[in-house]
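So you can see what is in the structure, the chains are spelled out below.
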Amino acid sequence: MKKPVLVSTFALALASCPAFAQSNPGQPTTNDSGETIVVTASRSGEAVAVNKLGASVTVLDSEALEQRQTRIVSDILRDVPGVAVSRTGAVGGLTQLRLRGSEGNHVLVLIDGIEASDPYFGEFDFATLIADPEARVEVLRGQQSSLYGSDAIGGVIQYLTLTGKEAPGVSLRAEGGSFNTFTGSARAAGVSGNLDYAVSGAYYHTGGYPTARNGSRDVGSDIAGLSAKLIWSPSETFKLTGVARYSFTEAETNNSENNPASPLFGFTVDSPGVFFRNKAFYGLVRAELIGLDGRWTNAVTGQVALSERKGFDAAGFDYGNKGNRYKGSFESSLRLGTDAIRHRLTAAIDVEREEFQNTTPSSFAFQGKRSTDNIGIVGQYELLINDAFSFGASIRHDENDRFDDPTTWRVQGSYSLPTGTRVRGAYGTGVKNPGYFELFGFSDGRYIGNPNLRPEKSEGWEAGIEQSFSDGKATIGATYFDSRLKDEIFTTFPAPTFIATPSNRATLSKQHGIEVALAARPIPQIRLDAAYTWLHARENGTVEVRRPKHIGSFNATVFSKDERFSGTLTVRYNGRQTDVAFTNPSFIPVRVSLREYVLVNLNAEYKLRPNISLFARVENLINEQYEEVFSFATPGRAGYGGVRVRF
C-alpha cells in the first residue's frame, strides 16, 4: 500500500488545523441582473449564472420549498430531472438519491459548502436532512470529479441556508397532523453593521405507521437540525464566513425475517425495539481576501464533518461506527479581460483525511481506526463572451495513499441566440473510491470485504437545448446524456461458500436518457414547474435496480391578487422499477418488480395578517398503495396543518 511523501507531509502539517471547504456558502442567490446563480459549478468561490453554464443544473429556491411545504429535503428533490429517490420505510429510514442512473454513493452532497457524506457508508443519508425555514438546493448533474474529486460521478447536490441579507427577520412555525406528527422551526437572521447572521433550527417528530406488509408496529422517528451562518465583512476586500450545523436522527426500523424456515424469510417484519441513532456535526471557516481592484480572490477554508451512528435491537446496542473528515483547501482565482470578453483562471488544492472507527461489539474483520489521506490539485478556466457564449474547462489530479492516483477532466460550453434559444454541451470524467465497509466489512457467514478493490471510473457527455418565451416568463429545455462506468463495484457470491463479497465488474455499466424541464410564470398569480426523465440504465446488460425508466413531476401554484392566499398542486409519477429481494436462504438476491405509482399532494396557505399565516396540506391525496423499496410499506393519505409567524 503506497504512502506518497507529499500526502504524509501535508497530513502532519495540518494535524492541528481545521480542514477547508470547496464552495463559498456566503454567496447570494441572484446577481445584479436578476439572473439565478449557483456557487456549486465553479471552484473560484464566485457564483455563476445558470443560463451561462454548459452543465445541467436545477435550482430549487426558497419560494419553491415554502410553496410545496417541504419538511423533508429529499421529497422536493423528486421534482428534479434525472433524480430517483428511494426511502426504506417511514420518515427517518435510509433515504438514497440516484442521479442519472448512478449509484447513491456516486452523488456528492454539500451542506453550506461542507462535504456531508458519511465516511463509513461512503454516501449521504438524506433521511437526516430536514428543511430549514429559509434555504435552497442546487443540483449540478453530470461528472464533476474534476472540481470535487471522488463521489461526484452522477453530480453534486448542495443544500444552502440563506444569509441574513437574503432573508432577514424572525420566523416561527408549528405544525401537526397524521401519524401523531409534529414539526416546528425557528429562524432569526439579519445584518448588524458589518456582520451578517442567520441562526435556525427545525424539528420533526412522527409516531409513524407500520412499514411491514400486514404489520402492526408503528415505525416513528425524531429528526432535528440546528444551523448557524455568520459572515463578517470588516472591509470591501476581506470577508470571514463561519458555518456550524448539528444533525440528530433517532428512527425506529424493521428488520427482515432471517429464519430460513419462515415463509416470510427475506421480507420486512415487525421488529420491536429496533432503532438507530445518528449524530453529525459540520463546521466551516472561510477567509477570503480580494485584491487587484476586485479581480483577484484568494480564499483559505477549513471544514470538518464528524458523524456517529449506533444501532439497537431488543437486547441493546447492536452495531455502531464513527467517521471523521477533515478537509483543507486554498483557492486562488484571477479575472481578466473586458466587459465583452471575460476570463477567469482558478487554481485550488484540497487536502483531506478521512477516519473511520468500527464500534460494533462483535468480531468484525477490522477493529480500531483506519484512515485515508488524499491531496487534490485543481485547475479551472472559464470564458464568457458578450454574455452569450461561455466555455469552461477543468482538470484535477489526486494523490491517494490507498488507491491509484486518478486524473479527471471536464469541458463544457453554452451559446445563447437572440431568439431566446440556448444550446449547450459537456463532456467529463469521474471517479469514486471504494468505501470502508466495501474494503474491510465482515458479517459472519454473510459478507466479507475486499481490500483489493479498485476505484470506479466514469465518463460521459450531454447535449441540451433551451427555449425561453415572453421575455423569460417561460423556459422549456431538453437534455440527452450518455455515461459509461467501468470497474463498477458490485456484490458477488463466489462458490463454494457463496458468501457475499464486493468485486470490480469486468463489463461496463451504461446509462443514457433524456431530461425535460419546464418553468413558467406567465402572470404573477401563477407559477408552473414540470420535469420528466426517461432513463435506460444497464449493468452487464441487466436493468439497474431502483432506477425507474420513467419519472415525472408537475407543480402548479396559484396566488390571489392580494397574495393573501396561495395553493399548490403537486403530482409525482414514479414508473415501474426493479429491486432485489433476499428471499432465498442462500442470500443470493432475487430480482423483483415494483409497480408504478402516482402521488398527489395539495396544500394551501392563507395570511390572516401580513405576519401571520395558516396553512394545511394533504399528502397522497388519492391514497396510493405503493413500495419504493421491496416489502417496505408506505403511508396512505395524510393531512397536516399549522401556523407561521414572521416578524
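Residues numbered from 1 in each chain as written. Predicted model: local features only at pLDDT ≥ 70, side-chain atom pairs only at ≥ 80, totals over all residues. Heavy atoms only, no water.

To continue, consider empty space enclosed by the protein. Within this structure, the stated rule accounts for 12 cavities of 30 Å³ or more. Within this model, the largest cavity holds a volume of roughly 510 Å³. Around the largest cavity, the lining is made up of 34 residues, and of these Asp75, Arg87, Asn601, Glu619 and Pro635 lie nearest the centre. Contributing elements (two or more residues each) for the lining of the largest cavity: helix 3 (73–76), strand 12 (195–210), strand 33 (565–574), strand 36 (597–609), strand 37 (612–619) and strand 38 (638–646). Along its surface, the second largest cavity is lined by 32 residues, and Ser150, Asp151, Glu352, Glu354 and Asn433 are the ones closest to its centre. Put simply, the parts of the chain that give the lining of the second largest cavity at least two residues each are strand 17 (316–337), strand 18 (341–358), strand 19 (368–385), strand 20 (389–400), strand 22 (421–432) and helix 5 (436–440). (1 Å grid on protein atoms, 1.4 Å probe; cavity = no way out; pocket = protein on both sides within 12 Å on 5 of 7 lines; lining within 4 Å. Points joined across faces, edges and corners; volume = space filled by probe spheres on them. Helix = DSSP H or I, 4+ residues; strand = E, 2+ residues; numbered from the N terminus.)

Next up on the list: the pattern of salt bridges. This structure, assessed with the given rule, holds 53 salt bridges. Arginine 325 is paired through a salt bridge with glutamate 354; the nearest N and O atoms lie 2.9 Å apart. Of this pair, arginine 325 sits in strand 17 while glutamate 354 sits in strand 18; the two residues are 29 residues apart in sequence, bridging distant segments of the chain. In this structure, arginine 547 engages glutamate 544 in a salt bridge whose closest nitrogen and oxygen atoms are separated by 3.7 Å. Each of the two residues, arginine 547 as well as glutamate 544, counts as buried. In this structure, a network of salt bridges that share partners links the residues Asp61, Glu63, Arg68, Asp79, Arg521, Arg527, Asp529 and Arg572. (Salt bridge = Lys/Arg side-chain N within 4 Å of Asp/Glu carboxyl O. Buried < 20%, exposed > 50% of the residue type's maximum accessible area, 1.4 Å probe, protein only.)

Across the sheet, 5 strands lie side by side as 3-8-9-6-7; this open sheet has mixed pairing. Here the strands that pair on one side only, and so sit at the sheet edges, are strand 3 (56–60) and strand 7 (114–115). Bridging between strand 6 (residues 107–111) and strand 7 involves 2 bridges; their strand directions are antiparallel. By the bridge assignment for strand 7, leucine 110 is matched with glutamate 115. (Pairing = 2+ DSSP bridges.)

Here strand 14 (residues 238–252) pairs with strand 15 (residues 275–291) via 15 bridges, running antiparallel. Residue alanine 244 lies in a different strand from strand 15, and its bridge partner there is glycine 283. Relative to strand 16 (residues 296–313), strand 15 runs antiparallel, the two sharing 17 bridges. Counterpart to alanine 280 in the pairing with strand 16 is serine 307.

Here the focus is the pairing of strand 12. Of the pairings in the sheet, the one linking strand 11 (residues 181–192) to strand 12 comprises 11 bridges and is antiparallel in character. For glycine 190, the partnering residue across the bridge sits in strand 12 and is tyrosine 197. Taking the residues between adjacent antiparallel strands as the criterion, strand 11 and strand 12 are bridged by 2 residues, where glycine 193 takes a positive phi near 65°. In this structure, strand 12 lies alongside strand 13 (residues 218–235), joined through 14 bridges in antiparallel fashion. The residue bridging alanine 198 from the neighbouring strand is lysine 229, located in strand 13.

In this section: the confidence of the model for the protein. Here the protein averages 92 in pLDDT, while 94% of its residues score no lower than 70. In the model, residues 1–22 has pLDDT below 50 throughout and makes 60 contacts with residues more than four positions away in sequence or in other chains. (pLDDT = per-residue confidence, 0-100. Contact = heavy atoms within 4.5 Å.)

Once that is clear, we can look at the environment of arginine 617. Within the secondary structure layout, arginine 617 lies in strand 37. The class of arginine 617 is buried, set by a relative accessible area of 6%. Linking arginine 617 and valine 50, residues 567 residues apart in sequence, is a C-alpha distance of 32 Å. Among all residues touching arginine 617, those that are not within four sequence positions of it are Gln69, Arg71, Glu175, Leu602, Asn603, Ala638, Gly639 and Tyr640.

In this section: a nonpolar patch on the surface. Side chains of Phe389, Phe391, Ile395, Trp409, Val411, Tyr415, Leu417, Val423 and Ile465 sit close together on the surface and give an oily, nonpolar patch of about 730 Å² of accessible area. Those elements that place two or more of their residues in the nonpolar patch are strand 20 and strand 21 (407–416). Tracing the chain through its elements places phenylalanine 389 in strand 20. Exposure remark for phenylalanine 389: the relative accessible area of 32% places this residue in the partly exposed category. (Patch = residues over 30% accessible without salt bridge, like charges linked within 9 Å, V, L, I, M, F, W, Y side chains within 5 Å. Areas by Shrake-Rupley, 256 points an atom, 1.4 Å probe, with all protein chains shown as cover.)

The backbone phi angle of glutamine 69 is positive, close to 50°, even though this residue is not glycine. Examined against the element boundaries, glutamine 69 turns out to sit in the loop between helix 2 (62–67) and helix 3. By relative accessible area, which is 4% here, glutamine 69 ends up buried. Look at aspartate 293: it is not a glycine, yet its phi comes out positive at around 55°.

Turning to the packing of aromatic side chains, a few remarks are in order. By the definition in use, this model includes 15 aromatic pairs. Judged by centre distance (5.5 Å) and plane angle (20°), the ring pair of tryptophan 409 and tyrosine 427 falls under stacked. Of this pair, tryptophan 409 sits in strand 21 while tyrosine 427 sits in strand 22, and the two are 18 residues apart along the sequence. Overall, the relative accessible area of 28% leaves tyrosine 427 in the partly exposed class. Within the aromatic cluster, the residues linked to one another by ring pairs are Tyr120, Phe121, Phe356, Tyr436, Phe437 and Tyr447. Over the ring of phenylalanine 317 we find lysine 310; its NZ or CZ atom is 5.9 Å from the centre of that ring. (Phe/Tyr/Trp six-rings, centres within 6.5 Å; stacked < 30°, edge-to-face > 60°. Lys NZ or Arg CZ within 6 Å of the ring centre and 35° of its normal.)

Let's shift gears to the nonpolar core. In terms of nonpolar packing, the biggest core is built from 30 residues, with Leu77, Leu97, Phe124, Val137 and Ile157 touching the most fellow members. For this core, the secondary-structure elements that each account for two or more residues are helix 2, helix 3, strand 4 (83–87), strand 5 (95–99), strand 6, strand 8 (135–141), strand 9 (155–161) and strand 15. With residues near it in sequence (within four places) discarded, valine 137 still touches Thr58, Val59, Leu60, Val73, Leu77, Ile157, Gln158 and Tyr159. Counting 14 residues, the second largest nonpolar core, distinct from the first, contains Val57, Leu140, Leu147 and Ala152. (Core = buried A, V, L, I, M, F, W, Y, C linked by side-chain atoms within 4.5 Å.)

The next subject is the environment of threonine 95. Tracing the backbone through its elements, the reader meets threonine 95 in strand 5. Its relative accessible area of 2% is what places threonine 95 among the buried residues. In this structure the C-alpha to C-alpha distance between threonine 95 and arginine 68, which are 27 residues apart in sequence, comes to 20 Å. Leaving out residues up to four positions away in the same chain, threonine 95 has contacts with Ser74, Val85, Ser86, Arg87, Phe124, Asp125, Phe126 and Ala127. Reaching out from threonine 95, the side chain makes a polar contact with the backbone oxygen of glycine 93 at a distance of 2.8 Å. (Polar contact = N/O pair within 3.5 Å; in protein donor to acceptor, adjacent residues only side chain to side chain.)

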